[in-house]
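Structure at a glance
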Amino acid sequence: MPLKKIIKNLIKTFIIGSVILFTGLILTFLLLYFLPINPLSLDEPMIIEFLLFLGRFFTGEWYSSNVIMPGMPVTELLFGRGNVQRTFEVLLLPLTVGAIAGILIGLLSIKTRKKWLKIIIQILNVLGYAVPVILLMLFFQFGAYLSGNLPLWHFKNPAYPDPPFVTGFRIWDSIIAGRWDLALDTVAHYILPGLILGFTISALVIKIVRINALNKTQKTSIIYNTARIALVFGLIFGYAILVGYHFNLFEFGIIFVQGLLFDDFFVIQACLFIVIITVVLVTFAANIIYSIYHHMVEKEVWPTTWIRKEKSLQKESLNEVSNSIEKERNPASFKDIKTYFLRKLKSPLTIIGLIFFLFFVVISIVPQIITPYSLTEAVGFYPDFWAAPSPGHPFGTGYLGRDILALIVYGIQDSLIFGFLTVLIGIGGGLIFGYLANNRFYENKFYRWFGRWVIMGFLLLFYIMPLIFLVPVIWVAFGETYSTLLIFIGILLIPLFTWIFVKTDYKTFEILKKLIIYIPLFVGFTVLIYVTLGFLGFYDQNILHQLGRTMMEGRGHIIDAPWATIRPATTLFLLTLGLFLLHEGLQDYPRHSRQ
């Protein structure tokens, strides 16, 4: 990449960063504008209200909390007490270690010639990203309780004072003040959250490295890189918020959730401002690194042997794809489709995943196989609260004496229905946008430009704000109902399916192949989002058997009634494990990855 091109990419990076900033602000304004708890005067025209909104953002006049800490400026609540800093303090080490470990293990799984090692890494990776963060938190926390060696909650010992405020980062401020006891106490409280975050981040990075191996021959760009970074950042930020919320670290995430649950408008606004700023900074830095990296590879700044290997792999990949395209010019018959998937069904991963998946489908269709209770009976009111497992209640009882096994069965049924309906919405939109953005169909230069920049750029806007922030705000703004959640998460899946279809020949064989490969992955992904939102308290009040709600109700009883949360979370893990194993078994990894 010549220097002229790297300067061009840097200009694009600045433009994209500016677009993300102002588009994010527009999106934030619209979400806040339609919130039923908006206390501001809306008598002015919307454009005037938007200009006033921009003024508040750029001047830092973010007002005061009116519920969580009445009268306290939200900047003081978020920054003055170190709550925002604590989020990044908890995340920094797990992110660094997890990313390095994930990249190294992912590259090893791609380039190793040892088939047994490749399979072991693949299975461990599926286990890593299939296990719900909720289960990890409960499992680690209960284990720490039994061992008695680590703190279970909060970010410090209540008997310890706070160090003098300098940066807001508690460990660093403690060291500056010479209070190593405070620093070590904080580190001890961060161990459990850090282990969970490091595990989940490394699993996510391994998966991304393996996905990139599939797309090695695809021409990348700043827009594609921005999309990947925005999506990955959103997932990692979501992990951090969920972990901080559960361990009651009283950091940025828990303040945001409390703001939504308790209708604290100005806290919600300030949290969204911080998210937009963080997304812009992260994508800006990532795109600069991307530009410099490609410039160094092109100029052979890296060691010569590495460059030769990289270029050799790229050349081999291009030859492989060219041969593959040549073979696919003749439309595949349904016999070819049948042959392909019968071959894939011989994979042990596919078989195991299919067994798990079919088991959960069967008990969802015929729940009486597992539980004698009807749905009405499962969500009734009984006197035996938090009772231990017994012959009448094999998984024990939970809130209001409800049978945990029955709640799990009907919760899995609810989750699968939600997952498949949202994925259908994503597929429908993805097929349309993927067709329009697929450059193979356009010989005209204008249409190629339209497909690549306008459509893909528009879909990128869906990921300017992490899902963990966007979905709950939409939920509050447009009605706290099941249908609201289903439609909006389905819409948010459209860009993901578009990204898949835009690189696919629109032929029956290729479309069916992509659908069957990716439907299990996205159903599992959607189920995890749905249950996680329920765990945070965002669920339809009329759906009493929502799996996340069941775990949320038992969260405070992890010590005296662990079955009320650990067993539903374990069942969720087995469901997502089956879906993700099925996806991995059906996946096509390039032949050159073994070299």
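Please refer to the structure higher up on the page.
Model, not experiment: these values are computed from the prediction. (Residues numbered from 1 in each chain as written. Predicted model: local features only at pLDDT ≥ 70, side-chain atom pairs only at ≥ 80, totals over all residues. Heavy atoms only, no water.)

Quick notes on the overall build of the chain
Secondary structure assignment for the chain yields 22 helices and zero strands. Looking at the chain as a whole, 53% of its 595 residues qualify as buried. Restricting the contact set of the chain to residue pairs at least 6 apart, pairs at least 24 apart contribute 75%. Accessible area for the chain stands at about 27,000 Å²; split by element, carbon and sulfur atoms hold 69% of it. (Helix = DSSP H or I, 4+ residues; strand = E, 2+ residues; numbered from the N terminus. Buried < 20%, exposed > 50% of the residue type's maximum accessible area, 1.4 Å probe, protein only. Contact = heavy atoms within 4.5 Å. Areas by Shrake-Rupley, 256 points an atom, 1.4 Å probe, with all protein chains shown as cover.)

Describing the packing of aromatic side chains
Two numbers describe a pair of aromatic rings. These are the distance of the centres and the angle of the planes. The tally for this structure, following the rule as stated, stands at 24 aromatic pairs. Here Tyr-482 and Tyr-530 contribute two aromatic rings whose centre-to-centre distance is 6.2 Å and whose plane-to-plane angle is 85°, an arrangement assigned as edge-to-face. One end of the pair, Tyr-482, is in helix α19 (residues 482-501); the other, Tyr-530, is in helix α20 (residues 508-536), with 48 residues separating them in the sequence. Neither residue differs from the other here; Tyr-482 and Tyr-530 are each classed as buried. Connected via pairs of aromatic rings, a cluster forms that spans Phe-22, Phe-29, Tyr-33, Phe-50, Phe-53, Phe-57, Phe-58, Trp-62 and Phe-273. (Phe/Tyr/Trp six-rings, centres within 6.5 Å; stacked < 30°, edge-to-face > 60°.)

A closer look at the pattern of salt bridges
Following the criterion strictly, the structure yields three salt bridges and no others. A salt bridge links Arg-549 to Glu-553; its shortest N-O distance comes to 3.3 Å. One end of the pair, Arg-549, and the other, Glu-553, are both in helix α21 (residues 547-554), four residues apart, so they sit about a helical turn from each other. Here Arg-549 falls in the buried class, since its relative accessible area comes to 8%. (Salt bridge = Lys/Arg side-chain N within 4 Å of Asp/Glu carboxyl O.)

A closer look at helix α18 (residues 467-477)
In an α-helix there are 3.6 residues to a turn, and that puts residues three or four apart on one side. Among the eleven residues that make up α18, eleven are buried, leaving the element largely enclosed by the rest of the structure. Within α18, the full set of buried residues consists of Leu-467, Ile-468, Phe-469, Leu-470, Val-471, Pro-472, Val-473, Ile-474, Trp-475, Val-476 and Ala-477. One or two residues past the end of α18 sits Gly-479, with phi positive at roughly 110°.

Re the nonpolar core
Counting 152 residues, the largest nonpolar core has Met-137, Phe-252, Ile-255, Phe-469 and Phe-522 as its most contacted members. Considering every element that reaches this core, the biggest residue donor is α20, with 16 residues. When neighbours within four sequence positions are excluded, Ile-255 is seen to be in contact with Ile-68, Leu-77, Leu-78, Asn-83, Phe-250, Val-267 and Cys-271. (Core = buried A, V, L, I, M, F, W, Y, C linked by side-chain atoms within 4.5 Å.)

Comments concerning the environment of Ile-432
Inspection of the secondary structure puts Ile-432 in helix α16 (residues 404-437). For the pair formed by Ile-432 and Phe-501, sequence separation is 69 residues and the distance between their alpha carbons is 9.2 Å.

A word on helix α14 (residues 348-365)
Here α14 spans 26 Å end to end across 18 residues, near enough to the 26 Å set by a 1.5 Å rise per residue. Those residues of α14 that sit buried are Leu-349, Thr-350, Gly-353, Phe-357, Phe-360, Ile-363 and Ser-364. (Expected span 1.5 Å × (residues − 1).)

Remarks on the side chain of Gln-85
Mapping Gln-85 onto the fold places it in helix α4 (residues 83-111). By relative accessible area, which is 9% here, Gln-85 ends up buried. In this structure the side chain of Gln-85 is engaged in a polar contact, spanning 3.2 Å, whose partner is the backbone oxygen of Phe-79. Beyond its immediate stretch of four places on either side in the chain, Gln-85 contacts Leu-78, Phe-79, Phe-165, Thr-167, Gly-168 and Phe-169. (Polar contact = N/O pair within 3.5 Å; in protein donor to acceptor, adjacent residues only side chain to side chain.)

Here we look at the packing of helix α10 (residues 252-261) against α18
Contact geometry for α10 and α18: axes closest at 11 Å, N-to-C directions at 10°. In terms of axis orientation, α10 runs roughly parallel to α18. Contacts between α10 and α18 involve Phe-252, Phe-256 and Leu-260 from the former and Ile-468, Phe-469, Pro-472, Val-473 and Val-476 from the latter. When the residues that make up the contact of α10 with α18 are grouped by side-chain class, the tally is eight nonpolar, no polar and no charged. (Axes fitted to C-alpha atoms, helices over the stretch in contact; angles between N-to-C directions. Parallel < 35°, antiparallel > 145°, perpendicular 65-115°, else oblique. Nonpolar A, V, L, I, M, F, W, Y, C, P; charged D, E, K, R; others polar.)

Describing the packing of helix α6 (residues 133-147) against helix α22 (residues 563-586)
Between α6 and α22, the least distance of the axes is 9 Å, while the angle of their chain directions is 135°. One element, α6, and the other, α22, form an angle in the oblique class. Remark: the crossing between α6 and α22 carries left-handed chirality. Residues Leu-135, Leu-138 and Phe-142 of α6 form the contact with α22, whose participating residues are Thr-565, Ile-566, Ala-569, Thr-570 and Phe-573. In terms of residue class, the contact of α6 with α22 is made up of six nonpolar, two polar and no charged. (Left-handed = near helix turned anticlockwise from the far one by under 90°.)

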